[in-house]
Structure formats: C-alpha cells, structure tokens
Amino acid sequence: MENFELGILLLMVGMTTVFVILLIVIYLGKGLIILVNKYAPEEVVAKKQPPTHSSGSNPALPDATLAAIVAAVGVTTEGKGKVVKVEKA
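Owing to the predicted nature of the structure, the values given are computational and were not obtained by experimental measurement.

Novice: Residues and numbers for the overall build of the protein chain, please.
Specialist: Counting its regular elements, the protein chain contains two helices and zero strands. Relative to its 89 residues, the protein chain shows a buried fraction of 1%. Surface accessibility of the protein chain: about 8700 Å² in total, with carbon and sulfur atoms responsible for 68%.

This is the structure:
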C-alpha cells in the first residue's frame, strides 16, 4: 500500500510540474508575440494596381478555365453564387 501511495504522489507532482511548465511556455509565447508586434510590426506592402481592361476579363486566364470556375461555383452554391473577379493570390 505504501508503494501505491508513493506512486500516486509522484504522479500528481509530475503532472502538476508539466502543467505549470506548459503554462509558462504559453504565457512567454504570448508575451513574445506582443513584444514583436509592438516593436517590429509587419511591413505594409503597397498593392500593385491591376491593369484595367475594357473587356473586364483576365487576359492570362483561358476562356475554358474561366468557364470551369464559373460552373464549379454555380454547382457548389446551387446557383446562388456569382463569380465577379478571378485573380491570382
């Protein structure tokens, strides 16, 4: 019975230690994220203005591909969706 009590005690001490260390890692990580965002914010990249075409379609996208995209959106959204613009992300 003495070994069983010792085993339970070691189990509780070990689990508590792991829990506390994980909490420390979580809060240090959150603090690091806050510091990095405060002192080294992400650079804002200016978007390129896309060339305007009189036809309104993408010249680099073949008509068959555009038709397939429109058909897939129509089937997926059951005719409620509409393709307004297709661009490379």
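Now that the structure has been shown, we can carry on.
Novice: Go over the UniProt feature "transmembrane region" (unreviewed entry) in the protein chain with me, naming the residues and quoting the values.
Specialist: Within this structure's numbering, the places UniProt gives as "transmembrane region" (unreviewed entry) are residues 6–28. Along residues 6–28, the helical share is 100% and the strand share 0%, with 33 Å between the first and last C-alpha atoms.

Novice: Let's hear about the pattern of salt bridges: which residues, and what values?
Specialist: Evaluated as defined, the whole model comprises one salt bridge. Two residues, E87 and K85, come together in a salt bridge whose shortest N-O distance is 3.4 Å. For E87, a relative accessible area of 56% corresponds to the exposed category. K85 sits in the exposed class, given a relative accessible area of 58%.

Novice: Requested: an account of unusual backbone geometry, with residues and values cited.
Specialist: Despite not being glycine, E78 has its phi angle at roughly 55 degrees, a positive value. Note that E78 resides in the segment after α2 (63–76). Here E78 falls in the exposed class, since its relative accessible area comes to 67%.

Novice: Break down α2 for me, citing the residues and quoting the values.
Specialist: Its 14 residues place the ends of α2 20 Å apart at the C-alpha level, agreeing with the 20 Å of an ideal helix rising 1.5 Å per residue. Of the residues one or two after α2, E78 is the one with positive phi, at around 55 degrees.

Novice: Can you explain a nonpolar patch on the surface? Please cite residues and give values.
Specialist: A cluster of nonpolar residues, F19, V20, L23, I24, I26, Y27 and L28, forms a patch on the protein surface that exposes about 710 Å² of accessible area. Locating Y27 in the fold gives a position in helix α1 (residues 2–39). Judged by relative accessible area, which is 56%, Y27 ranks as exposed.

The rules behind the values
- Residues numbered from 1 in each chain as written.
- Predicted model: local features only at pLDDT ≥ 70, side-chain atom pairs only at ≥ 80, totals over all residues.
- Heavy atoms only, no water.
- Helix = DSSP H or I, 4+ residues; strand = E, 2+ residues; numbered from the N terminus.
- Buried < 20%, exposed > 50% of the residue type's maximum accessible area, 1.4 Å probe, protein only.
- Areas by Shrake-Rupley, 256 points an atom, 1.4 Å probe, with all protein chains shown as cover.
- UniProt positions renumbered as here; feature names shortened; annotations may be inferred.
- Salt bridge = Lys/Arg side-chain N within 4 Å of Asp/Glu carboxyl O.
- Expected span 1.5 Å × (residues − 1).
- Patch = residues over 30% accessible without salt bridge, like charges linked within 9 Å, V, L, I, M, F, W, Y side chains within 5 Å.

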